[in-house]
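Architecture at a glance
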Amino acid sequence: MTENYIGRFAPSPTGLLHAGSLVAALASFIDAKAHHGKWLIRIEDVDQTRCKKEWAEGILSVLDRLEMKSDGPILWQSQRTDRYLEVIDQLIAQKKVYGCSCTRHTIEKENVRLGAPLNHYPGTCRQGPHGAIRSWRFLTNDTPITFTDRWSGHYSQNVEKAVGDFVVKRADGLFAYQLAVVIDDHDSGVTDIVRGADLIDNTPRQLAIYRALGWEEPTYMHIPLVLNDRHEKLSKQGGARPLSENLLEELNHAWHHLGFAPISAKNPTDFYNQAIPLWQNRFQIAK
Ligand code: GLU
């Protein structure tokens with residue numbers, strides 16, 4: 001596994017890099033280098049309503065100053081529409097994805113009637129849409145999807161019960177994160193995903209897509225989130241401050257968050273060279 005390791009950092013350019021996303025960048029980068037693997041950058045700008053080119057460029061320029069270089073071309077999700085369509089067509093042909101005519105209102109009404117959580121999909125269009133198709137949904141089943149997370153261990157979710165048949169192409173025509181992330185990681189040969197713990201409950205949905213397509217599944221490591229004073233996930237929307245000019249200090253904050261003692265380094269590359277053996281020891285990765 002070590003030799004073929006391909007990892008990635010996949011920020012959504014909905015704001016600049018901040019202390020929370022730096023932790024994901026650092027952990028994914030160090031884990032890739034600790035495995036003598038490759039590390040790729042992907043810009044997740046699939047949702048054009050929330051993303052801005054200038055934020056993407058800002059993120060890339062900070063990564064450059066952090067001396068974190070992508071070991072391959074940078075992938076932009078906004079340029080991948082044809083590929084996403086091709087895979088959706090394949091899933092429709094396999095009857096793993098179906099057209100849905102429900103609106104948010106009809107779904108909520110049905111859930112109120114059933115006493116179910118409002119955002120759960122009750123399967124109304126499973127046997128066929130009741131009107132014009134608005135979105136496309138992945139057909140889930142009643143079997144728990146289980147995996148071993150490298151940070152937090154055993155994780156299991158029955159996707160049908162937790163969220164129901166989930167959207168892969170939205171009513172506004174945009175592809176859902178769940179689908180785009182799987183196709184991109186697969187096409188880039190990503191073997192190991194290191195990202196924030198807020199995404200762990202998305203992973204079973206993504207594994208369901210891998211399994212439907214018969215694609216090899218990556219391993220996962222979901223790292224603890226950086227929280228703000230109100231104990232909420234630090235996010236660009238939640239007012240996270242951009243990184244300061246002192247990037248070595250910022251790297252040490254992120255490193256501390258991952259449970260390590262400060263590193264005194266001359267520059268980012270020197271920081272990583274010292275961090276890699278510590279990470280290898282902690283996660284028992286062959287040197
Ligand atoms: N684009 C997502 C984010 O910025 C990360 C997706 C992933 O790592 O799978 O939160």
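Quick look at the structure, then. (Residues numbered from 1 in each chain as written. Predicted model: local features only at pLDDT ≥ 70, side-chain atom pairs only at ≥ 80, totals over all residues. Heavy atoms only, no water.)

If you tally the helices and strands in the protein chain, you get nine helices and 10 strands. Taking 2.2 N^0.38 as the reference for a compact globule, 287 residues should give roughly 19 Å; the C-alpha atoms of the protein chain span a radius of gyration of 20 Å, in line with that estimate. Along the first, second and third principal axes, the C-alpha atoms of the protein chain reach 65 × 40 × 35 Å. Classification of the 287 residues of the protein chain by burial places 49% in the buried group. Of the accessible surface of the protein chain, which amounts to about 13900 Å², a share of 52% is contributed by carbon and sulfur atoms. In the protein chain, 33 side chains carry a positive charge and 34 a negative one; their mean positions are 3 Å apart. (Helix = DSSP H or I, 4+ residues; strand = E, 2+ residues; numbered from the N terminus. Rg over C-alpha atoms; globule rule 2.2 N^0.38 Å. Buried < 20%, exposed > 50% of the residue type's maximum accessible area, 1.4 Å probe, protein only. Areas by Shrake-Rupley, 256 points an atom, 1.4 Å probe, with all protein chains shown as cover. Lys, Arg positive; Asp, Glu negative; His and termini not counted. Charge placed at Lys NZ, Arg CZ, Asp CG, Glu CD.)

A few words now on the site of the ligand. Inspection of the region around the ligand gives R8, A10, P11, S12, E44, Y177, V181, R195 and L199 as its neighbouring residues. A distance of 2.7 Å is found between an oxygen atom of the ligand and a side-chain nitrogen or oxygen belonging to R8. One of the backbone nitrogen or oxygen atoms of A10 is found 2.7 Å away from a nitrogen atom of the ligand. Burial of the ligand by the protein amounts to 81% of the accessible area it has alone, namely 300 Å². (Near = heavy atom within 4 Å. Polar contact = N/O pair within 3.5 Å; in protein donor to acceptor, adjacent residues only side chain to side chain.)

As a further point, take the packing of aromatic side chains. A full pass over the atoms with the stated rule returns 13 aromatic pairs. For the pair F138 and F166, a centre-to-centre distance of 5.2 Å together with 20° between the ring planes defines the contact as stacked. Taken together, the residues F138 in strand 5 (residues 135–138) and F166 in strand 8 (residues 166–169) connect sequence positions 28 residues apart. Residue F138 is classed as buried on the basis of its relative accessible area, which comes to 3%. Aromatic side chains W151 and F283 sit 5.8 Å apart centroid to centroid with 45° between the ring planes, which places their arrangement in the tilted category. Taken together, the residues span a long stretch of sequence, with W151 in the loop between strand 6 (145–149) and strand 7 (153–157) and F283 in the segment after helix 9 (268–282) at a distance of 132 residues. Owing to a relative accessible area of 27%, W151 belongs among the partly exposed residues under this scheme. Joined through ring pairs, the aromatic side chains of F29, W39, W151, W255, F260, F271, Y272, W279 and F283 make up one cluster. In this arrangement the basic side chain of K52 is found over the ring face of W55, its NZ or CZ atom lying 4.4 Å from the centre. (Phe/Tyr/Trp six-rings, centres within 6.5 Å; stacked < 30°, edge-to-face > 60°. Lys NZ or Arg CZ within 6 Å of the ring centre and 35° of its normal.)

Across a sheet, strands are paired by hydrogen bonds formed along the backbone, either parallel or antiparallel in direction. Read across the open sheet, the three strands follow the order 1-2-3; overall the sheet is parallel. Each having just a single partner strand, strand 1 (6–9) and strand 3 (75–76) make up the two edges of the open sheet. Relative to strand 3, strand 2 (residues 38–43) runs parallel, the two being bridged by two bridges. Within the sheet, the bridge partner assigned to I43 lies in strand 3 and is W76. Running at roughly 150° to strand 2, helix 1 (residues 19–34) makes contact with strand 1 and strand 2 of the sheet. (Pairing = 2+ DSSP bridges. Contact = heavy atoms within 4.5 Å. Axes fitted to C-alpha atoms, helices over the stretch in contact; angles between N-to-C directions.)

This part is about the pairing of strand 7. In this sheet, strand 7 lies alongside strand 6 in antiparallel orientation, the contact comprising five bridges. Bridge pairing links T148 to H154 in strand 7. A loop of three residues connects strand 6 with strand 7, the two strands running antiparallel in sequence.

The final tally for this structure, using the stated rule, is zero disulfides. No disulfide involves C102; its nearest neighbouring cysteine sulfur is the one of C125, lying 3.7 Å away. In this structure C102 comes out as buried when scored by relative accessible area, which is 9%. (Disulfide = S-S within 2.5 Å.)

In this section: the pairing of strand 5. As paired strands, strand 4 (residues 97–100) and strand 5 are joined by four bridges and run antiparallel to one another. If you follow Y98 over to strand 5, its bridge partner there is R137. Here strand 5 pairs with strand 8 via three bridges, running antiparallel. Considered in strand 8, the bridge of R137 is made with V167.

The N-to-C vectors of helix 1 and helix 8 (residues 247–257) enclose an angle of 75°; their axes lie 9 Å apart at closest approach. Classified by the angle their axes make, helix 1 and helix 8 are roughly perpendicular. Contact residues: helix 1 offers L22, V23 and L26, while helix 8 offers E250, L251, A254, W255 and H257. Counted by class, the contact of helix 1 with helix 8 contains six nonpolar, one polar and one charged residues. (Parallel < 35°, antiparallel > 145°, perpendicular 65-115°, else oblique. Nonpolar A, V, L, I, M, F, W, Y, C, P; charged D, E, K, R; others polar.)

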